[in-house]
Each structure stands twice: as C-alpha cells, then as structure tokens.
Amino acid sequence: MDGARIVDVLQGVVAERAPEERDTAADLLNREPDEITRMLSSRGGDSELGFGLGEVAVLVTPLVWMVLQQFAQELAGATVRAATGRLSAAWRRLRGRPGSVSVLPRLDEAQLEELCDIVTRRAQESGLAEDSARQLASSVRRHIERHQ
C-alpha cells in the first residue's frame, strides 16, 4: 500500500483507545472528508454531531481526525511545493484552500516521530494526562504502520 487511509487509522485507534466513541466515529465517517473537517473545525456553539466544542476537546475521534488531516495536508503541500516551486504558490492563491485528504502517504521514521509528537501535544492540550496522550500517539503510529 502506498499510504494509510485516514479512515482506517481512525477506526483502529478508536477501537483500541476509545471504544465508547465507536458510534460517534461511525456517524462521523459516514460523511465526506471535507464535511468532517468543516464540522470539527467550526468555532460555533454545538456541532452537528450533537456535542459542543468543550466536549470535542476530550474526545479521541475528532482529535485524531484533525491531526491526521492537517499532517497529511502539510505533507501534500510540501510535495507540491517541491515539485513545482513558485508556480504552486500562485496556483494555491487561485484555487483557494485545499480540500481534505483521505490518505496519509507512506511515512518515514522521522515523519512518524513528528506525527506522534503532534498527537501527544494536542492530546495533552485537550486535557489528557501525559501517559494517556503518549499511549494515544503510540496507537496512532501502530495503525498507520499496519496500513502502510
């Protein structure tokens, strides 16, 4: 496989680390990736998923989705910039913001470590204890490696 599908990684992490969120994850993953990202990044009151932003901060499902999406988009952007140089900046300005990405490309060791650091940091910022945040990051890593 050339990369890990974000949906597969998220489902595995939720099953392993937050089985109580399976219904939330299933409801979320029935939507298009762009819609999921829009819903989870909205700054308004209660979300369309039936929980408010205060609750989102402590749920594994939206935290992992957003980190994986942002990481994949940054990698995709870096690849485009490397391939096309200055033309890519002009193209992005004309196109607007890129849509959601559904696959993480194959990650090398350094990228996996960086992603784990981001997951750990964001999980701690969301209120998870350091040990729980590290366990979550390890789970994300295992599921990415399983699907690459």
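Being a predicted model, the structure only gives us computed values, none of them experimental.

Rules and cut-offs
Residues numbered from 1 in each chain as written. Predicted model: local features only at pLDDT ≥ 70, side-chain atom pairs only at ≥ 80, totals over all residues. Heavy atoms only, no water. Core = buried A, V, L, I, M, F, W, Y, C linked by side-chain atoms within 4.5 Å. Buried < 20%, exposed > 50% of the residue type's maximum accessible area, 1.4 Å probe, protein only. Helix = DSSP H or I, 4+ residues; strand = E, 2+ residues; numbered from the N terminus. Axes fitted to C-alpha atoms, helices over the stretch in contact; angles between N-to-C directions. Parallel < 35°, antiparallel > 145°, perpendicular 65-115°, else oblique. Left-handed = near helix turned anticlockwise from the far one by under 90°. Contact = heavy atoms within 4.5 Å. Nonpolar A, V, L, I, M, F, W, Y, C, P; charged D, E, K, R; others polar. Salt bridge = Lys/Arg side-chain N within 4 Å of Asp/Glu carboxyl O. Arc of directions from axis to C-beta. Expected span 1.5 Å × (residues − 1).

Draft legend 1. Representation of the nonpolar core within the structure. One finds Val64, Trp65, Leu68, Leu115, Leu136, Val140 and Ile144 to be the most contacted residues of the largest nonpolar core, which totals 36 residues. At the level of secondary structure, the elements contributing two or more residues to this core comprise helix H1 (6–17), helix H2 (22–29), helix H3 (33–41), helix H5 (60–84), helix H7 (109–125) and helix H8 (130–147). Broken down by element, the residue count for this core peaks at 10 residues, all from H5.

Draft legend 2. Representation of the packing of H1 against H2 in the model. Two elements in contact, H1 and H2, have axes whose closest approach is 10 Å; the angle formed by their N-to-C orientations is 165°. Judged by the inter-axis angle, H1 sits roughly antiparallel to H2. In this structure, H1 crosses over H2, and the sense of that crossing is left-handed. In contact with Val7, Leu10, Gln11, Val14 and Ala15 of H1, H2 contributes Arg22, Ala25 and Leu29. For the contact of H1 with H2, the per-class residue count stands at 6 nonpolar, 1 polar and 1 charged.

Draft legend 3. Quick look at the packing of H1 against H8. The N-to-C vectors of H1 and H8 enclose an angle of 135°; their axes lie 9 Å apart at closest approach. Judged on the interaxial angle alone, H8 and H1 are oblique. H1 and H8 meet at a crossing whose hand is right-handed. Seen from H1, the contacting residues are Asp8, Val9, Gly12, Val13, Glu16 and Arg17; seen from H8, they are Ser132, Gln135, Leu136, Ser139, Val140, Arg142, His143, Ile144 and His147.

Draft legend 4. Layout of the pattern of salt bridges. Enumeration over the complete set of coordinates arrives at 8 salt bridges. The closest approach of N and O atoms between Glu130 and Arg134, which form a salt bridge, is 2.6 Å. Taken together, the residues span about one helical turn, with Glu130 and Arg134 both in helix H8 at a distance of 4 residues. Here the salt bridges share partners, and the residues they tie into one network are Glu109, Glu113, Arg141 and Glu145.

Draft legend 5. Expanded view of H3. Within H3 the residues assigned to the buried category are Ile36, Thr37, Met39 and Leu40. Each buried residue of H3 sits inside an arc of 165° when the element is viewed along its axis, so together they form one side.

Draft legend 6. The arrangement of H1 in detail. Over its 12 residues, H1 extends 16 Å from the first C-alpha to the last, a length consistent with the 16 Å expected when each residue adds 1.5 Å. Buried within H1 are the following residues: Ile6, Asp8, Val9, Leu10, Gly12, Val13 and Val14.

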